[in-house]
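Descriptive analysis of the structure
Given next are the chains, with one letter for each unit.
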Amino acid sequence: MTIHFHEGDLPKGAGFGAAVAVDTETMGLSLTRDALCVVQLSAGDGDAHVVRLNRPGYDCPNLKAVLADPKTEKILHFARFDLAMVETHLGVAMAPVFCTRTASKLARTYTDRHGLKDVTRELLGVEISKQQQSSDWGAKTLSEAQLEYAAADVLYLHALRDRLTEMLQREGRLELARACFEFLPWRARLDMAGWPEDDVFAHG
Ligand code: MN
């Protein structure tokens, strides 16, 4: 496993093939308050690319091109948050999307543990650390521990997608999952537009 660190943007012409695993690190969970600091990517080949973004301009045309590429599926865990963060700060709508958390919720109905750590442990037998989750991602220099944490969040998403797709198929819910993934960019936009918790489909 190699972690490639990039300051500000990916190298020109960087490609990630048919599917790229994506995760972000931010200053917090608020779309209106908190900055987007880091975007991590992996082609599923065991390598991770960690991009530390330059604020406030977010001048990163090569990264934006990868995230916006309709020929590359974006695999994310809880895509709803990353989609809204990326669209808010980079002005890019990621599509098409596979959300491993949504897939887990639709497939693994025997548990309520859908965090990346739990899903990765159960489906792949891999332990990932969540220790650096609440660290200062806005720092000018990221620590080794932060880089390793950031990388671990994208290294297993391809394998998880494959396992969860098998489970969804087995349970007859793959089509339902795909429809949810297609709606995800709009769910993110509801968050951005001021409907973070309300279920707009709910009666009452
Ligand atoms: Mn993460």
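Numbering of residues starts from 1 in each chain and follows the order in which that chain's sequence is written. With the structure being a predicted model, the display of local features is reserved for residues of pLDDT at least 70 and the display and counting of side-chain atom pairs for 80 or more, all residues being used for whole-chain, interface and lining totals. Note that the side-chain values use all heavy atoms of the structure and ignore hydrogens as well as water.

Another point: the nonpolar core. The criterion is simple. A nonpolar core is a set of buried Ala, Val, Leu, Ile, Met, Phe, Trp, Tyr and Cys residues joined through side-chain atoms within 4.5 Å. To sort residues, take the accessible area from a 1.4 Å probe on protein chains only and compare it with the maximum for the residue type: under 20% means buried, over 50% means exposed, and anything in between is partly exposed. Formed by 54 residues in total, the largest nonpolar core has its most connected members in Val22, Leu36, Leu41, Leu53, Leu63, Leu67 and Leu90. Helix numbers and strand numbers start at the N terminus; a helix is a DSSP run of H or I with at least 4 residues, a strand a run of E with at least 2. Among the elements that line this core, the one with the most residues is helix α2 (residues 79-90), at seven residues. Of all hydrophobic cores here, the second largest spans eight residues; its members include Cys37, Trp137, Leu147 and Ala150.

Time to look at the coordination of the manganese ion. Note that water is not among the atoms considered, so a metal site may appear incomplete; the donors listed are N, O and S atoms within 2.8 Å of the metal, with 3.2 Å applied to Na, K and Ca. Distances from the manganese ion to its protein donors, Asp23 (OD), Glu25 (OE) and Asp153 (OD), fall at 2.0 to 2.2 Å. Donor residues for the manganese ion sit on one chain with the sequence pattern D-x1-E-x127-D. Within this pair, whereas Asp23 is found in strand β2 (residues 19-26), its partner Asp153 is found in helix α5 (residues 144-155), the two being separated by 130 residues in sequence. Residue Asp23 shares its accessibility class with Asp153, and that shared class is buried.

Another aspect to go through is the packing of helix α4 (residues 116-124) against helix α6 (residues 157-170). Where helices are involved, their axes are fitted lines through C-alpha atoms of the stretch in contact, as for all axes, and angles between N-to-C directions lie from 0 to 180°. The contact between α4 and α6 brings their axes to 10 Å, and the two run at 70°. Classed by the angle they form, the pair α4 and α6 counts as roughly perpendicular. The way α4 lies across α6 gives a crossing that is left-handed. In contact with Leu116, Val119, Thr120, Leu123 and Leu124 of α4, α6 contributes Leu157, Ala159, Leu160, Arg163, Leu164 and Met167. Here the nonpolar group is Ala, Val, Leu, Ile, Met, Phe, Trp, Tyr, Cys and Pro; Asp, Glu, Lys and Arg are the charged ones; every other residue, Gly included, is treated as polar. The residue makeup of the contact of α4 with α6, split by class, is nine nonpolar, one polar and one charged. Reported orientations rely on four angle classes, namely roughly parallel under 35 degrees, roughly antiparallel over 145, roughly perpendicular from 65 to 115, and oblique for the rest. Here a crossing is called left-handed whenever its near helix is offset anticlockwise from the far helix by less than a right angle, and right-handed whenever the offset is clockwise. Any two residues whose heavy atoms approach within 4.5 Å at even a single point are treated as in contact.

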